[in-house]
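# Chain and residue survey
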Amino acid sequence: MAGPVSRRAILRGATLTAIGTSVARPVRAESATDEPPRAASSSAVAIASANGLRTVSKAYNLTVRRRYRPASAAVQGVALVEADPNDVTVGYGGLPNEAGVVQLDAACMDGPTHNAGSVAAIEDIMHPAQVAELVMDRTDHVHLVGPGARQFAIDHGFPPVNLLTDRARQRWLAWRAQRRNDDRLAPLTDDPSAETDHRAPTRPWGTIHCSVVSPQGDVGCCTTTSGLAFKIPGRIGDSPLIGAGLYCDNEVGSAGATGRGEAAILGGAGWLVIERMRQGASPVQACVYTLRRIAEQSRRAASWQPALWDVDRPAYSLTLYAVRKDGSYGAATMRGRPGETKFAICDHRGARLEAATVVFPTA
Ligand code: GLY
């Protein structure tokens, strides 16, 4: 019978042999064996959003040369971006919420054990993806949020740090002075004279997603973000939600999302991409199908939230990334000029940026 004890037993047997106990570097996923590194395999691949060029290189090398499980390779790969103060959409240096506080969301998922961990609205922790991995490996839960997630991280040796850089603080002050984008919607009313001040979804929803296939064909993934800039405190996006901002199934592949989290949540984006691939779609076909479904949902939602819709297409950005366990890969984006939205990929040919397929091309 499934339950906490049997689940932990499974973890010990299948996964924790590859996990260390260091608190200085809380997640280690090197193999416990001394087998030599395997040669690069044609099925091994790492995909990420365009801000993850270094991420895919690191993740690919960790899974191919050091035999990290794919989830751990992804978590270690995105750590480069989480620690980068120049990426204002992820980790340290991320733009804060409307109160000026940086709140981070992250999750990871492991194909072989079909297990996942996530943290949401966590404060003061530079590497939320690593905390999510600990939630996956060291608890019987999937999600930890807010102060509980922060305390869990500190208990496991993550030092609390100030994540708000001067640059991010200045951008928050500039936003606060104008305050053009308020996430609160006016109450529904039949009064035609009532103001309908719907916010324009013009703020970026940057994030990093990374999916990895190992040389053995196992899959895993990770998504980490500071979320929507100047969001309402406590708002969480799709990134920490399994089935939305990421999902994997070891029989099929792995997928994730960046962009407007609310659309990815409402469309079950990560899960749907995997299910389409299970039915035989290629990664690109599965991403395009899912974006079209989400676009149709937004068209209906625009009847009460017009800012979601731009004449004949969604008004927001959303990009999906997918890999199959055979190493095929692809990405698609909701709107934009062809060639404009890139994704990062690393396989036996090396790391590079490629163009995502555009569902609603603009001139
Ligand atoms: N996709 C990131 C977010 O919406 O928070």
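Everything discussed here concerns the structure shown above.
For clarity, every value in this text was computed on a predicted model and none was experimentally measured.

## Some words on the overall build of the protein
The number of helices and strands found in the protein is 9 helices and 15 strands. Taking all 363 residues of the protein together, the buried fraction comes to 55%. Sequence separation of at least 24 residues holds for 68% of the intrachain contacts in the protein that already meet a minimum separation of 6. Roughly 15000 Å² of accessible area belongs to the protein as shown, and the carbon and sulfur atoms make up 54% of that amount.

## Some thoughts on the pattern of salt bridges
Enumeration according to the criterion identifies 16 salt bridges in this entry. A salt bridge links E262 to R235, with the nearest nitrogen and oxygen atoms 2.9 Å apart. Of this pair, E262 sits in helix 7 (residues 261–266) while R235 sits in the loop between strand 6 (219–225) and strand 7 (246–249), and the two are 27 residues apart along the sequence. In this structure, the salt-bridge partner of E296 is R299, at a minimum N-O distance of 2.6 Å. Of this pair, E296 and R299 both sit in helix 9 (residues 283–301), separated by 3 residues, roughly a single helical turn. Classification of R299 by relative accessible area gives partly exposed; the value is 42%. One connected set of salt bridges, linked through shared partners, spans D249, E251, E275 and R278.

## Observations concerning the packing of aromatic side chains
Per the counting criterion, the structure on display carries 2 aromatic pairs. Their ring planes at 15° and their centres at 4.8 Å tell us that W175 and F230 sit as a pair that is stacked. You can see W175 sitting in helix 6 (residues 166–178) and its partner F230 sitting in the loop between strand 6 and strand 7, a full 55 residues away along the chain. For the pair formed by W175 and F230, the shared burial category is buried. Ring centres of Y329 and F343 lie 6.1 Å apart, and the angle between their planes is 65°; on these two criteria the pair is classed as edge-to-face.

## Topic: helix 4 (residues 128–138)
Three- or four-residue spacings in an α-helix give side chains the same orientation, since the helix completes a turn every 3.6 residues. Burial analysis of helix 4 places 10 of its 11 residues in the buried class, which makes it a mostly covered element. The set of residues buried in helix 4 consists of P128, A129, Q130, V131, A132, E133, L134, V135, M136 and D137.

## Considerations on empty space enclosed by the protein
This model, assessed by the stated rule, comprises 2 cavities of 30 Å³ or more. For the largest cavity, the calculated volume is near 50 Å³. Every residue lining the largest cavity is counted, 12 residues in all, and those nearest its centre are T207, G227, R235, D238 and G259. Its residues placed into classes, the lining of the largest cavity shows 2 nonpolar, 8 polar and 2 charged.

## A word on the nonpolar core
Judged by nonpolar contacts, the single largest core of 48 residues is most densely connected at V119, I122, V131, C210, V212 and C222. Top element by residues in this core is helix 3 (residues 70–82). It accounts for 6 residues. For V119, the contacting residues outside a window of four places in its chain are L104, D105, A106, P128, V131, A132, V135, L144, A149 and P240. In this structure, M109, A255, V273 and I294 belong to the second largest nonpolar core, which totals 44 residues.

## Notes on the packing of helix 3 against helix 4
Contact pair helix 3 / helix 4: the axes reach a minimum separation of 8 Å and the direction vectors enclose 155°. Considering the angle they form, helix 3 stands roughly antiparallel to helix 4. Of helix 4, the residues touching helix 3 (which contributes A71, S72, V75, Q76, V78, A79 and E82) are P128, A129, Q130, E133 and M136. Residues that form the contact of helix 3 with helix 4 fall into these classes: 7 nonpolar, 3 polar and 2 charged.

## Details of the pairing of strand 6
Burial within strand 6 is extensive, with 7 of its 7 residues counted as buried. The alternating pattern of strand 6 places V219, C221, T223 and T225 on one face and G220, C222 and T224 on the opposite face, and all of these are buried. Note that strand 2 (residues 104–110) and strand 6 share 6 bridges and pair antiparallel. Looking at strand 6, one finds that A107 is bridged to T223. Strand direction decides the pairing type here: strand 5 (residues 208–213) and strand 6, joined by 6 bridges, are antiparallel. Note on strand 6: the bridge partner recorded for I208 is T224. The hairpin formed by strand 5 and strand 6 contains 5 residues between the paired strands, and G217 there has a positive phi angle of roughly 90°.

## Here we look at the environment of G259
Turning to its location among the elements, G259 is positioned in strand 8 (residues 253–259). Judged by its relative accessible area of 7%, G259 falls in the buried class. Here the alpha-carbon distance between G259 and T333, two residues 74 residues apart in the chain, equals 9.2 Å.

What counts and what doesn't
All chains use their own residue numbering, which begins from 1 and follows the written sequence. Local features in this predicted model are restricted to residues whose pLDDT is 70 or higher, and side-chain atom pairs enter the listing and the counts only when it is 80 or higher, whereas totals over whole chains, interfaces and linings include all residues. Here the side-chain values reflect all heavy atoms present in the structure, with hydrogen atoms and water set aside. Only DSSP runs of H or I covering at least 4 residues are called helices, and only runs of E covering at least 2 are called strands; the numbering of each starts at the N terminus. Whether a residue is buried, partly exposed or exposed follows from its accessible area with a 1.4 Å probe, protein chains only, as a fraction of its type maximum: under 20%, in between, or over 50%, in that order. In this description, contact between two residues means that some pair of their heavy atoms is separated by no more than 4.5 Å. Using a 1.4 Å probe, the Shrake-Rupley method yields the accessible areas, and only the shown protein chains count as cover for residues. Salt bridges, as used here, are contacts in which a Lys or Arg side-chain nitrogen is within 4 Å of a carboxyl oxygen on Asp or Glu. Each Phe, Tyr or Trp ring (for Trp, its six-membered ring) is paired with any other whose centre lies within 6.5 Å, and the angle between the two planes then decides the class: stacked below 30 degrees, edge-to-face above 60, tilted in between. Both site types are read off a 1 Å grid over the protein atoms alone. A 1.4 Å probe that fits but cannot get out defines a cavity, while an open set with protein on both sides within 12 Å along at least five of seven lines defines a pocket; lining residues have an atom within 4 Å of a point. Grid points are joined across faces, edges and corners, and a volume is the space filled by probe spheres set on the points. Each residue gets one label: Ala, Val, Leu, Ile, Met, Phe, Trp, Tyr, Cys and Pro are nonpolar, Asp, Glu, Lys and Arg are charged, and the others, such as Gly, are polar. Residues enter a nonpolar core if they are buried and are Ala, Val, Leu, Ile, Met, Phe, Trp, Tyr or Cys, with the set joined through side-chain atoms within 4.5 Å. Axis geometry follows a simple rule: fit a line to the C-alpha atoms, using only the stretch in contact for helices, then measure angles between N-to-C directions, giving values from 0 to 180 degrees. An angle counts as roughly parallel when it lies under 35 degrees, as roughly antiparallel when it exceeds 145, as roughly perpendicular when it falls between 65 and 115, and as oblique in every other case. Any two strands with at least two DSSP-identified bridges between them are counted as paired.

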